[in-house]
Amino acid sequence: QVQLVDFGGGLVQAGGSLRLSCAASGLTFSRYVMGWFRQAPGKEREFVAGISWSGGSTYYADSVKGRFTISRDNAKNTVYLQMNSLKPEDTAVYYCAAGVGVQALVTTVAYWGQGTQVTVSS
């Protein structure tokens, strides 16, 4: 059974940092493009960042470019999202995803994590 477990969310002041983690099991982790998505209240889920199977390529939404960094450790079956200079508009539930894609862009999600809440206060 495939499981993606997201954790690391919380409440932080604007300008602060958080590191999200997603631990995967039940799949050949190194064969999947991994990504982070987020969904704010009343909005659709949106792409945040992606990383290729090897970790050699990354891709970011314009809204987080320069502030967020995605990385992965294939030996630990874990993907991370380091979030710096957080803004109130970053408030959302963050989901990790495993799927297929082109380089670091996830085009089809096969599995979702359960989500972790990130709240940024002004």
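Basis of the calculations
One numbering rule holds for all chains: residues counted from 1, following each sequence as written. It should be noted that, the model being predicted, local features are given only for residues of pLDDT at least 70 and side-chain atom pairs only at 80 or more, the latter also being counted only at that level, while totals for whole chains, interfaces and linings use all residues. Calculation of side-chain values draws on the structure's entire complement of heavy atoms; hydrogens and water are dropped beforehand. Between buried and exposed lies partly exposed: a residue is buried under 20% and exposed over 50% of the maximum accessible area for its type, with that area taken using a 1.4 Å probe on protein chains only. Each helix corresponds to a stretch of at least 4 residues labelled H or I by DSSP, and each strand to a stretch of at least 2 residues labelled E; elements are numbered beginning at the N terminus. When DSSP finds two or more bridges between a pair of strands, those strands are recorded as paired. Side-chain atoms alone can form a polar contact between residues adjacent in sequence; in general such a contact is a pair of N or O atoms within 3.5 Å, and within protein one must be able to donate a hydrogen while the other accepts it. We call two residues in contact when some of their heavy atoms are within 4.5 Å. Criterion for a disulfide: a pair of cysteine sulfur atoms within 2.5 Å.

Caption draft 1: Main features of the pairing of strand β5 (residues 46–51). Burial of β5 is extensive: 5 of the 6 residues sit out of reach of the surface. Relative to β5, strand β4 (residues 33–39) runs antiparallel, the two sharing 5 bridges. What sits directly across from W36, in β5, is A49. The turn joining β4 and β5, which pair antiparallel and follow one another in sequence, is formed by 6 residues; a positive phi near 75° is taken by G42. With antiparallel pairing between neighbouring strands as the criterion, β5 and strand β6 (residues 58–60) make up a hairpin whose turn holds 6 residues, including G55 at a positive phi of roughly 90°.

Caption draft 2: Broad picture of the side chain of D90. As for its position among the elements, D90 is in the loop between β8 (78–83) and β9 (92–102). Within the structure, the side chain of D90 is placed 2.9 Å from the side chain of R38, a separation counted as a polar contact. In contact with D90, other than residues within four places in its own chain, are R38, R67, F68, S85, V118 and V120.

Caption draft 3: How the structure looks around the pairing of β8. Of all 6 residues that make up β8, 5 are buried, and the element is covered over most of its length. Examined bridge by bridge, strand β3 (residues 18–25) and β8 share 6 bridges and lie antiparallel to one another. Paired with L18 across the bridge in β8 is M83. Relative to β8, strand β7 (residues 68–73) runs antiparallel, the two sharing 6 bridges. Paired with I70 across the bridge in β8 is L81.

Caption draft 4: Seen up close, the state of the cysteines. Enumeration over the complete set of coordinates arrives at 1 disulfide. Disulfide pairing is shown between C22 and C96; the S-S distance is 2.0 Å. Taken together, the residues C22 in strand β3 and C96 in strand β9 connect sequence positions 74 residues apart. Residue classification places C22 among the buried positions, given a relative accessible area of 0%.

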